[in-house]
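Close look at the chain arrangement
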Amino acid sequence: MLRFLAVSLVALILSLTGVVAQASAPVENAIPASPPIPAAIPAPTIAASSYLLLDVASHQVLLAANADEPREPASLTKLMTAYLAFSALRDKTISLNQKVSISEQAKSAVGSRMFADPRVPVSVDELLHGMIIQSGNDASIALAELIAGDETAFSAMMNARAQKMGMTKTHFVNSTGLPDPQHYSTAADLVKLAAALIRDFPDYYPLYSQKEYRYNNITQKNRNRLLTMDPYVDGVKTGYTESAGWCLIASAKRGDRRLLSVVLGAASDHARASENQKLLNWGYQAFDVVQLYPAGQPVSTLPVWKGDAPKVAVGFLEDRYLSVPKGQGDKLQAKLMTQEPLTAPIRKGQKVGAMQVQFAGTHVTEFPLVAQEDIAIGSLLRRGWDAMRLWFK
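Described in the following lines is the structure provided in the data block. This structure is a prediction, so every number in the text was calculated from the model and none was measured. (Residues numbered from 1 in each chain as written. Predicted model: local features only at pLDDT ≥ 70, side-chain atom pairs only at ≥ 80, totals over all residues. Heavy atoms only, no water.)

**Here we look at the overall build of the chain**
Counting secondary structure elements, the chain contains ten helices and 18 strands. Taken over the C-alpha atoms alone, the chain extends approximately 80 × 50 × 35 Å along its principal axes. For the chain, with 393 residues in total, the buried portion stands at 53%. Taking all contacts inside the chain whose residues are at least 6 apart in sequence as the whole, residues at least 24 apart take part in 68%. Here the chain has roughly 17,300 Å² of accessible surface; of this, 54% comes from carbon and sulfur atoms. Within the chain, the 35 negative side-chain charges are centred at a point lying 4 Å from the centre of the 39 positive side-chain charges. (Helix = DSSP H or I, 4+ residues; strand = E, 2+ residues; numbered from the N terminus. Buried < 20%, exposed > 50% of the residue type's maximum accessible area, 1.4 Å probe, protein only. Contact = heavy atoms within 4.5 Å. Areas by Shrake-Rupley, 256 points an atom, 1.4 Å probe, with all protein chains shown as cover. Lys, Arg positive; Asp, Glu negative; His and termini not counted. Charge placed at Lys NZ, Arg CZ, Asp CG, Glu CD.)

Okay, here's the thing in structure tokens:
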């Protein structure tokens, strides 16, 4: 459950018993600790080679093991293929009703297929359904060839996008996830990809909740068992090869709160579903996510020197959340750290300090504080007067 704890800086600081202080140096953007605060409920034992549980709102990893270990991603690769296909649709370089001829390479793809007939052109919409719901390798290759000309060029696009997403331990050589020594990723990288796909393409993401798809008179079920086991699960993707084991990235949304779980190298189809279910259930049972402050709302005003205005409104570029043990949000404390002196010109979005957050007296994270408006250089008289005041300050 999301709980909005503050409507103004004064209310936040009074309710959380924080204080306002000053810092003499810029404060760098900080990433919440993972996990920042131990859960009161013991974590489950997960039978998998690698796993990770992410609270999407707070960007916090609640539980993980071997999450940075490179592994074969199998058909989880198709999340990146889909991301690039959705990007092409957004950029209007392809369209959903566009017809695509199935090449010999796509036709001869091994593994799971949507059974596209080379004699019958297939629409992009059908290929997306075949790739996402049926995990068709033929559909993945056809989309790659449509977007980039061939799989080699498409793989280069995949790798470029992965780097932009911060997937630093990932390398793709195909659009399908078929085994190759140079084709690998990690649980930590794959959760970034899944979160980006859900965030950037909300209109296409519902494809991942579709339980079956019929094409060429063949009905195939979505291999994500959790879609029928858990009413809150709405995606995202399964994967399997003999060398990768059974893999699944699952996403659940209860109320306004979304969790993402990744399980790589489980022992069976049933196990990859049950181990993801353990992670999701524990995440919801053991943690709350608390909204500390919304984006765009001023939390304070700071004095400005040598500017055309005496003060600048400051706040956050993004909504700021923190995952805390269930029922313990009242143990949070906030402390506003600001840079002094703050002199014009000031640009909207410029870092001017940080909000430090403590839990039960222990520092857990900090969020950058930014100017919410531009402040131009003041008049010659104002600059001279403030220079004199600073001299004696």
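Once you've had a look at it, read on.
**Here's the deal with the packing of helix H2 (residues 78-90) against helix H5 (residues 137-148)**
Where H2 contacts H5, the two axes come as close as 10 Å, and the packing angle between them is 40°. Here H5 runs oblique to H2, going by the angle between their axes. Between H2 and H5 lies a crossing of left-handed hand. Side by side, H2 and H5 meet where Lys78, Thr81, Leu84, Ala85 and Ala88 of the first sit next to Asn137, Ser140 and Ile147 of the second. For the contact of H2 with H5, the residue count by class is four nonpolar, three polar and one charged. (Axes fitted to C-alpha atoms, helices over the stretch in contact; angles between N-to-C directions. Parallel < 35°, antiparallel > 145°, perpendicular 65-115°, else oblique. Left-handed = near helix turned anticlockwise from the far one by under 90°. Nonpolar A, V, L, I, M, F, W, Y, C, P; charged D, E, K, R; others polar.)

**Regarding H5**
Between the first and last C-alpha of H5 there are 16 Å, a value that for twelve residues agrees with the 16 Å anticipated at 1.5 Å per step. Every buried residue of H5 is listed here: Asn137, Asp138, Ala139, Ser140, Ile141, Ala142, Leu143, Ala144 and Glu145. Those residues of H5 hidden inside the fold are in contact with H2, strand S5 (99-100), helix H3 (104-107), helix H4 (124-132) and helix H6 (151-164). Note on H5: the residue one or two positions beyond its end, Gly149, has a positive phi of about 100°. (Expected span 1.5 Å × (residues − 1).)

**Focus: the environment of Phe172**
Mapped onto the elements, Phe172 comes out in the loop between H6 and helix H7 (187-200). On a C-alpha basis, the gap between Phe172 and Ile102 in space is 22 Å, while along the polypeptide they are 70 residues apart.

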